[in-house]
Structures are given as C-alpha cells and as structure tokens.
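# Architecture at a glance
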Amino acid sequence: MKKRVMVVDDSQVMMLQIRKLLEGSEFEVAAYCENGEEAIARYEEVQPDVVTMDIIMPGIDGLEAAQVLMYEHEEARIVMISSLGDEEMLQEVYGIGAQGVLFKPITREALLGALKRALS
C-alpha cells in the first residue's frame, strides 16, 4: 500500500510537480491544500503518512501551520519546502520539529529521500 502524502503549497504547479515526481514510487498524493489553514482543517480527515509544506504562503505560513499540526497530532511527519535557504530559516525549521527541508527546485531523488527519512 502506498504512503499518503498531503501537499501544502499555494502553487498548483508545485503540487503537480510533486505528483509527477512521486509517480512509480511508494508514495502518492492523497490531498492538496492551498494554504496552512486548509492543511490544519483537513489533516485529520486525510490522515497522511507525511506532509510536504511550503514555507511561504499567504495567511498562516508553513512554519506556523507545521507547528500547529505537530502540536495537535504528535504523529505528524512534515518535510518543509522552500525557495529560501538561510541559516536562520533552517534553525526555525528544525526548531519546530520538522523532519526535513527541501529547497526548490526539488528533484525526485531528493523528494523521495526526504519522505523516506521523515517516516524512519
């Protein structure tokens, strides 16, 4: 049975890219959320094995949404995705307890590796 991924990103292009990168793998996109609020609202319904979370989004950003999800669901596994990679942001990502971070543009190898590490 495939592992369920919830993609949280305000760009549908990114969601489609992740779906394509996961083709033929042990992972599948189970749900797509356009923002942090939607991810928080739908997490329990979707029950994903892992979440990919864009950091910069309108409304609740990815860092805040990830914190809420991990507080409300201690089993939540989250891989952050960002186009920015400064040291302060990395400290914040790991400080909130995210299982990994990927930088855009992402490759199939990097995505699959990060998802597998998040679940191990």
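Placed above this text is the structure.
Residues numbered from 1 in each chain as written. Predicted model: local features only at pLDDT ≥ 70, side-chain atom pairs only at ≥ 80, totals over all residues. Heavy atoms only, no water.

For the rest of this paragraph, the subject is unusual backbone geometry. Each neighbour pair has its own omega, and for lysine 104 with proline 105 the value is -5 degrees, a cis peptide bond. Looking at the secondary structure, you find proline 105 in the loop between strand S5 (100-103) and helix H5 (108-119). Notably, glutamine 47 is not glycine yet its phi reads approximately 50 degrees, a positive angle. With relative accessibility at 55%, the residue glutamine 47 sits in the exposed group. (Helix = DSSP H or I, 4+ residues; strand = E, 2+ residues; numbered from the N terminus. Buried < 20%, exposed > 50% of the residue type's maximum accessible area, 1.4 Å probe, protein only.)

The subject of this paragraph is the sheet that holds strand S3 (residues 50-54). Read from one edge of the open sheet, 5 strands run S2-S1-S3-S4-S5, paired in parallel fashion. The two strands at the open ends of the sheet, each matched to only one other strand, are strand S2 (27-33) and S5. Across this sheet, the average inter-strand angle for adjacent strands is 25 degrees, counted without regard to direction. Strand direction decides the pairing type here: strand S1 (residues 3-8) and S2, joined by 6 bridges, are parallel. (Pairing = 2+ DSSP bridges. Axes fitted to C-alpha atoms, helices over the stretch in contact; angles between N-to-C directions.)

This part covers the nonpolar core. Judged by nonpolar contacts, the single largest core of 26 residues is most densely connected at Met6, Val8, Val51, Met53, Ile78, Met80 and Val93. When residues of this core are traced back to their parent elements, those giving at least two are S1, S2, helix H2 (36-46), S3, helix H3 (62-72), strand S4 (78-82) and helix H4 (87-95). The residues contacting isoleucine 78, other than those within four sequence positions of it, are Val51, Met53, Ala66, Leu69, Met70, Ala98, Gln99 and Gly100. One finds Val7, Met14, Leu22 and Leu112 within the second-largest nonpolar core, a separate group that totals 20 residues. (Core = buried A, V, L, I, M, F, W, Y, C linked by side-chain atoms within 4.5 Å. Contact = heavy atoms within 4.5 Å.)

Remark: H2 packs on H3, axes separated minimally by 9 Å, with the N-to-C direction vectors making an angle of 15 degrees. The orientation of H2 relative to H3 falls into the category roughly parallel. Two packed elements cross with a definite hand, and for H2 against H3 that hand is right-handed. Note on element contacts: H3 touches H2 through Ala65, Val68, Leu69 and Glu72, opposite Gly36, Ala39, Ile40 and Tyr43. Among the residues forming the contact of H2 with H3, the class breakdown is 6 nonpolar, 1 polar and 1 charged. (Parallel < 35°, antiparallel > 145°, perpendicular 65-115°, else oblique. Left-handed = near helix turned anticlockwise from the far one by under 90°. Nonpolar A, V, L, I, M, F, W, Y, C, P; charged D, E, K, R; others polar.)

In this structure, methionine 14 sits in helix H1 (residues 12-22). You can call methionine 14 buried: its relative accessible area is 6%. Taking the C-alpha atoms as reference points, methionine 14 and isoleucine 106, 92 residues apart in sequence, are found 9.6 Å from one another. Each residue touching methionine 14, except ones within four places of it in the same chain, is listed here: Asp9, Ile81, Lys104 and Ile106.

Among the structural elements, serine 25 can be located in the loop between H1 and S2. By relative accessible area, which is 12% here, serine 25 ends up buried. Apart from the residues lying within four places of it in its own chain, the contact partners of serine 25 are Lys2, Arg108 and Leu112.

Another aspect to go through is H5. Relative to the 16 Å expected for 12 residues at 1.5 Å per residue, H5 spans 17 Å between its end C-alpha atoms, a close match to the ideal helical length. Among all positions in H5, only Leu111, Leu112, Gly113, Ala114, Leu115 and Ala118 are buried. Looking at the buried positions of H5, the neighbouring elements they touch are S1, H1, S2, S3, S4 and S5. (Expected span 1.5 Å × (residues − 1).)

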